[in-house]
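What follows is the residue order along each chain.
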Amino acid sequence: MKPTSPASCCLTSIATEGPGAPRLRRRELLGLLAGLWAAGCAGTKYTHRIGLPQSHSLKAEQLQLYSDIKIEKEHPVIQDLQRLRLQMAETLDLPLGTKPVVVYLFSNELEYKQYLDTKFPGFPKRRAYFIETAGKDLSVYTWWGDQIGEDLRHEYTHGLLHASLTNVPLWLDEGLAEYFEVGGSIPGQINNEHAQLLASDVQRGAWRPDLARLEYLEEVQDMARADYREAWAWVHFMMHSSPDTRQVLLDYLQDLRTDPNPGPLRDRLSAVAPQLDQRMLGYVASLNGPGHWGVSFPSSGARPTAVRAVSHP
Ligand SMILES: [Zn+2]
């Protein structure tokens, strides 16, 4: 089956709110400043258009993959994404979704860049993109590189969240994607780079948590790399600091299934965790120490039977 082209007609003003605007979550590149791809290829650096990968297709539950290189369902990367879907549903107490998340996997970076330059001119350079179009198609674009596993986990997390929820606040979308991109049999492993930088910033007095500010951010362009770190840390804090904070996050996600604007999460969190910022500072400062790996709390809520039956390999 030939892949459906994304609604490129809806992508002419990526920062515009409204029915014609796509929603995108983009993968941040280490050490990459905000240099636009367009700066390097404005006026079409490439002389020909390139299409979407379509030689091979693969379907695995919600994952619909199109690629020009043959990838078997049994490939570890595909198996990992299937496991991720189950982990997310179980960890976040969300029902398993059915809406497809279409992944366009280019064979190499050049073909990926050529396609994005043509279809989404002006998009900043990123290793991967998740794009939700006005028609609510959920698409991931990336290429087969050294960090494909991590990139796909991050973007597929976006896709699965958007498939299940009516809305995903930007900071929470990125925080959860950063949380689940760290591989492992148990979700919640420490992102060492984030943990070390945050702990260092706390020690130097260079950073203070500010969830209210994060919740205020609406445009992905407004999120700096430090904001991704903080979003990850808040998610990790909620999931692992106490059963009460974990429940606040799970309840919030339940609300987002039907209510696109359930209000500030910080207020709910402060109600169960007084002196919230101080607690968060202490949590972040201790992230490099022992005791946080794989910590989890049993859910008090009912889970879908199919999810409960899953055991992690
Ligand atoms: Zn992202």
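What you see is a predicted model; the values in this text were computed from it and never measured.

Draft legend 1. Up close: the overall build of the protein. Regarding its fold elements, the protein presents twelve helices and six strands. Relative to its full complement of 313 residues, the protein shows a buried share of 37%.

Draft legend 2. The arrangement of helix H5 (residues 170-181) in detail. The terminal C-alpha atoms of H5 lie 16 Å apart, and with twelve residues this matches the ideal 16 Å at 1.5 Å per residue to within 8%. Taking burial as the measure, the twelve residues of H5 include twelve buried ones, the bulk of the element. Of the residues making up H5, those classed as buried are Leu170, Trp171, Leu172, Asp173, Glu174, Gly175, Leu176, Ala177, Glu178, Tyr179, Phe180 and Glu181.

Draft legend 3. Seen up close, the pairing of strand E3 (residues 63-67). Along E3, five of the five residues are buried, which leaves the element largely enclosed by surrounding structure. The alternating pattern of E3 places Leu63, Leu65 and Ser67 on one face and Gln64 and Tyr66 on the opposite face, and all of these are buried. Bridging between strand E2 (residues 56-60) and E3 involves five bridges; their strand directions are antiparallel. Bridged to Ala60 within E3 is Leu63. Strand direction decides the pairing type here: E3 and strand E4 (residues 101-106), joined by five bridges, are parallel. For Ser67, the partnering residue across the bridge sits in E4 and is Leu105. The parallel pair E3 and E4, bridged by helix H2 (residues 76-92), forms a crossover whose chirality is left-handed.

Draft legend 4. The arrangement of the pairing of strand E5 (residues 128-132) in detail. With respect to burial, E5 is a largely interior element, five of its five residues being buried. Both faces of E5 are covered, namely the face carrying Ala128, Phe130 and Glu132 and the face carrying Tyr129 and Ile131. Pairing of E5 with strand E6 (residues 138-143), which is carried by five bridges, proceeds in the antiparallel orientation. In the strand pairing of E6, Ile131 is matched with Ser139.

Draft legend 5. Structural context of unusual backbone geometry. Positive phi outside glycine occurs at Glu61, with the angle close to 50°. Among the structural elements, Glu61 can be located in the loop between E2 and E3. Glu61 gets classed as partly exposed once you count the C-beta atoms within 10 Å, which come to 14. The phi dihedral of Gln275 falls on the positive side, at around 55°, and the residue is not glycine. Tracing the chain through its elements places Gln275 in the loop between helix H10 (265-272) and helix H11 (276-285).

Definitions and limits used
Counting restarts for each chain, with residues numbered from 1 along the sequence as it is written. The predicted origin of the model limits local features to residues at a pLDDT of at least 70 and limits the giving and counting of side-chain atom pairs to 80 or more, whereas totals for whole chains, interfaces and linings rest on all residues. A run of H or I in DSSP becomes a helix once it reaches four residues, and a run of E becomes a strand once it reaches two; helices and strands are each numbered from the N terminus. Exposure in this text rests on C-beta crowding, where 20 or more other C-beta atoms within 10 Å of a residue's own make it buried, 12 or fewer make it exposed, and counts in between make it partly exposed. The C-beta atoms are placed from the backbone. To estimate the expected span of a helix, subtract one from its residue number and multiply by 1.5 Å. Paired strands, in this sense, are two strands between which DSSP finds at least two bridges. We call a crossover right-handed when, viewed with the strands running away from us, the connection from the first strand over the helix to the second turns clockwise.

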